Number of protein chains: 2
Amino acid sequence: MLRLSSNDPGFAEAFARVVADRRESAVDVAADVAAILQDVRERGDAALGELTAKFDGHDLDQSGWQVDAETCRKAFGDLDPTLRSALELAAERIRAYHAAQLPEDRDYTDAAGVRLGATWRAVDAAGLYVPGGRAAYPSSMLMNAIPAKVAGVERLVVVTPTPKGEVNPLVLAAAHLAGVDEVWRVGGAHAVAALAYGTERISPVDVITGPGNAWVAEAKRQLYGVVGIDMVAGPSEILVIADAQNEPRKIAADLLSQAEHDPTSQSILITDDAAFADAVEQAVETELTALHTQATARASWETNGVIIDVASFAEAPALANALAAEHVEIATDDPEALMKQIRHAGSVFLGRMTPEAVGDYVAGPNHVLPTGRRARFSSGLSVLDFMKRTSFIQLDSAALEAIGPAAVALADAEGLPAHARSISVRLGQ
Amino acid sequence: MLRLSSNDPGFAEAFARVVADRRESAVDVAADVAAILQDVRERGDAALGELTAKFDGHDLDQSGWQVDAETCRKAFGDLDPTLRSALELAAERIRAYHAAQLPEDRDYTDAAGVRLGATWRAVDAAGLYVPGGRAAYPSSMLMNAIPAKVAGVERLVVVTPTPKGEVNPLVLAAAHLAGVDEVWRVGGAHAVAALAYGTERISPVDVITGPGNAWVAEAKRQLYGVVGIDMVAGPSEILVIADAQNEPRKIAADLLSQAEHDPTSQSILITDDAAFADAVEQAVETELTALHTQATARASWETNGVIIDVASFAEAPALANALAAEHVEIATDDPEALMKQIRHAGSVFLGRMTPEAVGDYVAGPNHVLPTGRRARFSSGLSVLDFMKRTSFIQLDSAALEAIGPAAVALADAEGLPAHARSISVRLGQ
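Residue numbers here run from 1 along each chain, matching the order of that chain's written sequence. Labels follow written order: the first chain is A, the first ligand is 1, and so on. This being a predicted model, a pLDDT of at least 70 is required before a residue's local features are given, and a value of 80 or more before pairs of side-chain atoms are given or counted; all residues contribute to the totals for chains, interfaces and linings. As a convention, hydrogens and water are excluded, and side-chain values are obtained from all of the structure's heavy atoms.

Chain A goes by Histidinol dehydrogenase in an unreviewed UniProt entry, where it is assigned to Novosphingobium album. UniProt positions are given in the numbering used here, feature names are shortened, and annotations may be inferred rather than shown by experiment. Of the comments in the UniProt record for chain A, the one headed Catalytic activity (unreviewed entry) reads "L-histidinol + 2 NAD(+) + H2O = L-histidine + 2 NADH + 3 H(+)". The UniProt entry for chain A carries this comment under Function (unreviewed entry): "Catalyzes the sequential NAD-dependent oxidations of L-histidinol to L-histidinaldehyde and then to L-histidine."

Okay, here's the thing in structure tokens:
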């Protein structure tokens, strides 16, 4: 854990190093992934079967290529009632928040008599990558699948690796609840290739979202343009801005809720009270011992954790904007005032009763958020990731008389005579 | 030019080949581009200067790294008055259309007492690539720069190659009109690298848009995630759906307005009247002879042009959806009825008086549109490409009591105890 004070002479340099630290694996898998994509593109299911046997250790022809709808329905039915209610509450709240995001079509005629507009439509089919193993979260299934269904996607396809053939019943239950249409037992870069290019068994999709390892992320990047993808994701992070009116153990728990995800996660505390900072530092030690995720959380906190003492919270927005963190929690008396000055953040959690984890599960907004300073230019997952807009234009003779000659002048200036001609021939010239 | 009839026994296969034809260069520049990006990242302006001398044949220290604002202002002032008015009309209409696109913030409290919302903000800085030579269009400058400024981007930076030091005054005039803040005389993959990573002279930007050659496109693709980018662009295309009530020479002009862009452009006509198809085919020959862009237009039409005879326009929407064309012109009696059934298109031009070229210049909607079937999953350039959304959540004690326990149950089920703890510690448990 790194302790900084904005009064220190070397603070600017030390903080700049924190901002610049990518915490991302430098493994270059581009060539390996390119070969896998090519293989699946050329050999389809044969390649998919061989790669699954190699990486996941099971034979798809024996274990089954798909998990059928009845198995997902049964997984949901078999849930402990408390957990089933929790999942239903989460799904309902996520659905409501994303339904309110649906964009409106436009259709109007302007003063020149030109009819203009835009129509939003869902993509025909979307693919969702769901990791196996440690990162197989039912909440992640809901957060990716529900926006697609709310957008109006007719065919929603999940691919998920099932190492040694084992599936995660919680994830299947969430797939049932979210209305997923197909679940395929394939993972890795080859599963992403199958979604993009299609194979004999799997029809291609238009958009691919969802988290994955370095191979999956690189496959999505290489297929960007063949299909749409969500943002490239890196290690996740939280910035907590907290004053001394908070209980140290609560803020410690918030910092550790990020740290327990992965050793590459990052938790940063900004506070205006050095004694409170000390108390949080101590509370983190106490809290850590109670966690069965202690090894991961401790590795993250010790390697990437940062506590920054500032003289005043007036310094916080500039620091927050430089970090452009995925999650920003503001536990102060007037969180609104600080939020207004923070331009770059994935999601903001306001006040002392809004721990970031409520946003991970049940608040409603999406928990798929830009990491690694990408909040400077990108947004959390939304219905828009599963939709596209078609603009339209309609002129009558009078409108073409009004604005056509300007287009002719510009086309001539750009040296494009057929452009000019397509207009002038309609102006009776 | 390929002539197809939907009655032909081999039609489905022949049409599938048209759909599958990418018309894109197979040149693999990935390794070359990766080396250039690395070089600019490490050596900054020194690399930029050397690469500019090599590719554009001038010394930036002598010819000047930047075009100053006064030069752009003067280029605008020196325009022929007709052209200046045309450019002003275009800018005004583009600005109005894009201003109406600005998304609304949300802030509401739901039945559970949870305050939820989202705030849209512009990125701090955007970079715009403007090609030199044949594709240096002032209309393209307006279509990229105005949405950025309407979105609220404070710093808008243009990079453009100036072979042998020569600049295009029309493009500078458009930069002045659009409110561009900086113009740098650099191009190619190295200019894109400079925008993404920054150099000693050029501060980095958050988003890069604009067309370019294969090197520029590959540089943008490789830098996706370091910065935001607009869609990967390929050769452009038009689909014209026209009945026999149109004058053949008008439809021929529309087809050629796409063909004259580049030999890789594609123009497709769907009509329900074989005699009209013949007449258009003849009119294309006549029109071609009048164009100083004849060589390009003829190459495009002969290589990529397609005329499809259908028995009825009821067949047209399925064909249009498979093509997912950048531009779709519907010159029939009831264009609205067909538009409603076309799900995948960049922009639609309705009726007999709306040649696509009015959309290239003055109608208002953006002319930067998805090509190569990407309208299945992506949209034309808009203010949203220069903005990002931050969600926010605020709970009080009662709201946390209402939805917190469900989050605890889910966190426990996912094996994330610190997530659960950050909530339960606030529930007084």
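Novice: Explanation requested: the interface of chain B and chain A in the structure shown.
Specialist: Contact between two residues is taken to exist if any of their heavy atoms lie within 4.5 Å; hydrogens are not considered. Contact residues are listed per partner, giving 121 residues for chain B and 120 residues for chain A. Joining two parts hides part of their accessible area as seen by a 1.4 Å probe, and the buried area is that hidden amount summed over both. In total, chain B and chain A occlude about 10400 Å² of area from one another, counting both sides; carbon and sulfur atoms represent 57% of this. For D124 of chain B, the salt bridge is made with R343 of chain A, and the minimal N-O distance between the two is 3.1 Å. The biggest single contributor to the side of chain B that touches chain A is helix α17 (residues 397–413) of chain B, with 9 residues. Basically, the charged four are Asp, Glu, Lys and Arg, the nonpolar ten are Ala, Val, Leu, Ile, Met, Phe, Trp, Tyr, Cys and Pro, and anything else, Gly included, counts as polar. For the side of chain B that touches chain A, the residue count by class is 66 nonpolar, 27 polar and 28 charged. Whenever a carboxyl oxygen of Asp or Glu lies within 4 Å of a side-chain nitrogen of Lys or Arg, that contact is scored as a salt bridge. Each helix corresponds to a stretch of at least 4 residues labelled H or I by DSSP, and each strand to a stretch of at least 2 residues labelled E; elements are numbered beginning at the N terminus.

Novice: What should I look at first to understand helix α10 (residues 214–223) of chain A in this one?
Specialist: Side chains three or four residues apart in an α-helix point the same way, a direct result of the helix having 3.6 residues per turn. All names here are of chain A. Looking at α10, one finds that the buried residues are V216, E218, A219, K220 and L223. Distance and chemistry together define a polar contact, namely a pair of N or O atoms within 3.5 Å, with one atom able to donate a hydrogen and the other to accept it when in protein, and with adjacent residues in sequence counting only for side-chain atoms on both sides. For α10, the N-terminal capping position is held by N213, with its side-chain oxygen 3.0 Å away from the main-chain nitrogen of W215. Just beyond α10, the residue with positive phi is G225, at close to 110°. Here the term buried applies to any residue with accessible area under 20% of the maximum for its type, exposed to any over 50%, and partly exposed to those in between, with areas from a 1.4 Å probe on protein chains only.

Novice: Whenever I open this one, the UniProt feature "binding site: Zn(2+)" (unreviewed entry) in chain A confuses me. Can you help?
Specialist: Feature annotation in UniProt places "binding site: Zn(2+)" (unreviewed entry) on Q258, H261, D360 and H419 of chain A, given in this structure's numbering. Annotated residues spanning 162 residues; largest pairwise C-alpha distance 56.2 Å, indicating distribution over more than one region. Note that D360 of chain A resides in helix α16 (residues 356–361). Leave out the neighbours within four places in its chain, and D360 of chain A touches S139, M143, H261, H327 and H367 of chain A together with H419 of chain B. With near-sequence residues (within four places) excluded, H419 of chain A lies in contact with A411 of chain A together with S257, E260, H261, A357, D360 and Y361 of chain B.

Novice: Could you clarify how one ought to interpret the packing of aromatic side chains in this entry?
Specialist: For any two aromatic rings, the description comes down to two numbers: the centre-to-centre distance and the angle of the planes. Side-chain rings of Phe, Tyr and Trp, where Trp is taken by its six-membered ring, are said to pair if the distance between their centres is within 6.5 Å; with planes under 30 degrees apart they count as stacked, over 60 as edge-to-face, and otherwise as tilted. Scanning the model with the defined rule gives 3 aromatic pairs over all chains in all. Look at F11 of chain A and F15 of chain A: their rings are 5.7 Å apart centre to centre, the planes differ by 20°, and that puts the pair in the stacked class. Of this pair, F11 of chain A and F15 of chain A are both found in helix α1 (residues 11–20), 4 residues apart, which corresponds to roughly one turn of the helix. Given a relative accessible area of 11%, F11 of chain A falls into the buried group. Either the NZ atom of lysine or the CZ atom of arginine qualifies as a charge over a ring when it sits within 6 Å of the ring centre and within 35 degrees of the ring normal. Directly above the ring of Y97 of chain B sits R106 of chain A, whose terminal nitrogen or CZ lies 4.5 Å from the centroid.

Novice: In this structure, what is going on with the sheet that holds strand β9 (residues 228–229) of chain A? I would like to understand it.
Specialist: Strands pair in a sheet through their backbones, by hydrogen bonds, and they do so in one of two ways: parallel or antiparallel. Strands qualify as paired when DSSP identifies two bridges or more between them. Taken together, 6 strands build an open sheet; the order of strands is β2-β7-β6-β5-β8-β9 (chain A) and the sheet is mixed. Looking at which strands have only one partner, the edges of the open sheet turn out to be β2 (66–67) and β9 of chain A.

Novice: What should I look at first to understand the environment of A175 of chain B in this one?
Specialist: Residue and element names in this part refer to chain B. Inspection of the secondary structure puts A175 in helix α8 (residues 169–178). When its relative accessible area of 1% is taken as the criterion, A175 is described as buried. When the C-alpha positions of A175 and G127 are compared, they lie 13 Å apart, and in sequence the two are 48 residues distant.

Novice: Explain the environment of V130 of chain B here, please?
Specialist: Residues and elements named next belong to chain B. As for its placement among the helices and strands, V130 is situated in the loop between β5 (125–129) and α7 (138–151). Among the residues examined, V130 registers a relative accessible area of 5% and is labelled buried. Spatially, the C-alpha atom of V130 lies 7.1 Å from that of M141, the residues being 11 residues apart in sequence. Ignoring sequence-local partners within four residues, the contact set of V130 consists of M141, V158, V159, T160, P161 and V171.

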